[in-house]
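These are the residues of each chain, in order.
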Amino acid sequence: MSIATRPPEQAVPPRFRPSGIAVGVAITLGLVIVHWYAAVQTNTSPKELIEGWRGLWNFLFGLDKTFPNGKTIHQDGAFPLDLRWSETIRPGLAYCLLTIWIGLLGTTLSIPAALLFAIISSRTTNRFVPLWLAGRAVMSVLRAIPETVYALMFIAAVGFGAFPGVIALAIHNVAVMGKLWSESMDEVDQGPVEALRVAGASPVQTAAHAVLPAVMPSLLGLLLYRFDTNVRSSVILGTVGAGGIGFFIKTEVDSFHFDTMMTYVCMVIVLIIVIDLFSAWLRRKVGAV
């Protein structure tokens, strides 16, 4: 006689909870109200944007000005581009190269301090809570100040040029890269770390022999990412006088040479794409090591 098998128990469907729907509606309504208020405070107006098409057209393609004496002149717009070699392209290439040097130095000069803060601010390498909190606090303060503010501070100290941009990027990058590196160290496998601690290794020995070798590919990948980001930031710093091609973009805008300005902008776009592809290629190589 066969024994009847008991049918498998079916999962109990979740109970319908009207309160969950009410919470979702309330959150959605709250977000709509907050965004509506933000749009009002920032004078966001799609209507004005649509009505301002003529100004955008004049900026892109030029404007015909008629003076009281009947004379009409054409003010150049952003297009067609200014493709003169000696007056625009060749200087623009030099400005782009200077922008790369600013981003490179701003990244590499920050490495020692960023590594120190990363070790201090990681619970894997530092279990002394007051020092850990101090490292986190310092990085938060340094990271809260934008690079442009640092650039303006050091422009006041040493004058206009690329050097204030390098200092500004280096200081800000210490905090950003230190935070990213410390988070990578927190995610490392704790087995080898605990084994060294049990064997009596000091925190420095633990970091040098267990943590850093394990996270080195990740650290190098984050370093390349920050170099990519710092080159982009150096363009912005140039607009406040910290050197690079951003300074000359602002100069051309102030002089109403929009065609030359747009040529420099296109060169920046090509520069960023090339650096992005190069950084991605290097990150893949580092990850494969």
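Keep in mind that this is a model prediction, so the values were computed, not measured.

A. Just the side chain of Asn173, in detail. Relative to the helices and strands, Asn173 resides in helix α8 (residues 162-186). Among the polar contacts made by the side chain of Asn173, one reaches the side chain of Arg226 at a distance of 2.6 Å.

B. Main features of the packing of aromatic side chains. A full pass over the atoms with the stated rule returns seven aromatic pairs. Both rings, one in Trp57 and one in Phe61, keep their centres 4.6 Å apart while their planes meet at 45 degrees; by these two values the pair is tilted. With Trp57 and Phe61 both in helix α3 (residues 53-61) and four residues apart, the pair spans about one turn of that helix. Ring-pair connections join several aromatic residues into one group, and the members of that group are Tyr95, Phe247, Phe248 and Tyr264. If you follow Arg123 out to its NZ or CZ, it ends over the ring of Trp132, 5.0 Å from the centre.

C. Region of interest: the packing of helix α7 (residues 147-158) against helix α10 (residues 203-238). The geometry of α7 relative to α10 is characterised by a closest axis approach of 10 Å and an angle of 50 degrees between their N-to-C directions. Taken together, the axes of α7 and α10 lie oblique to each other. With respect to the hand of their crossing, α7 and α10 are arranged in right-handed fashion. Mapping the contact onto sequence places Glu147, Thr148 and Ala151 in α7 and Ser233, Ile236 and Leu237 in α10. Here the residues of the contact of α7 with α10 are counted per class, giving three nonpolar, two polar and one charged.

D. Region of interest: the environment of Leu169. Relative to the helices and strands, Leu169 is located in helix α8. On the basis of relative accessible area, Leu169 is assigned to the buried category, the value being 1%. Taking C-alpha positions, Leu169 is 8.1 Å from Tyr150, a pair spaced 19 residues apart along the chain.

Cut-offs and rules
- Residues numbered from 1 in each chain as written.
- Predicted model: local features only at pLDDT ≥ 70, side-chain atom pairs only at ≥ 80, totals over all residues.
- Heavy atoms only, no water.
- Helix = DSSP H or I, 4+ residues; strand = E, 2+ residues; numbered from the N terminus.
- Polar contact = N/O pair within 3.5 Å; in protein donor to acceptor, adjacent residues only side chain to side chain.
- Phe/Tyr/Trp six-rings, centres within 6.5 Å; stacked < 30°, edge-to-face > 60°.
- Lys NZ or Arg CZ within 6 Å of the ring centre and 35° of its normal.
- Axes fitted to C-alpha atoms, helices over the stretch in contact; angles between N-to-C directions.
- Parallel < 35°, antiparallel > 145°, perpendicular 65-115°, else oblique.
- Left-handed = near helix turned anticlockwise from the far one by under 90°.
- Contact = heavy atoms within 4.5 Å.
- Nonpolar A, V, L, I, M, F, W, Y, C, P; charged D, E, K, R; others polar.
- Buried < 20%, exposed > 50% of the residue type's maximum accessible area, 1.4 Å probe, protein only.

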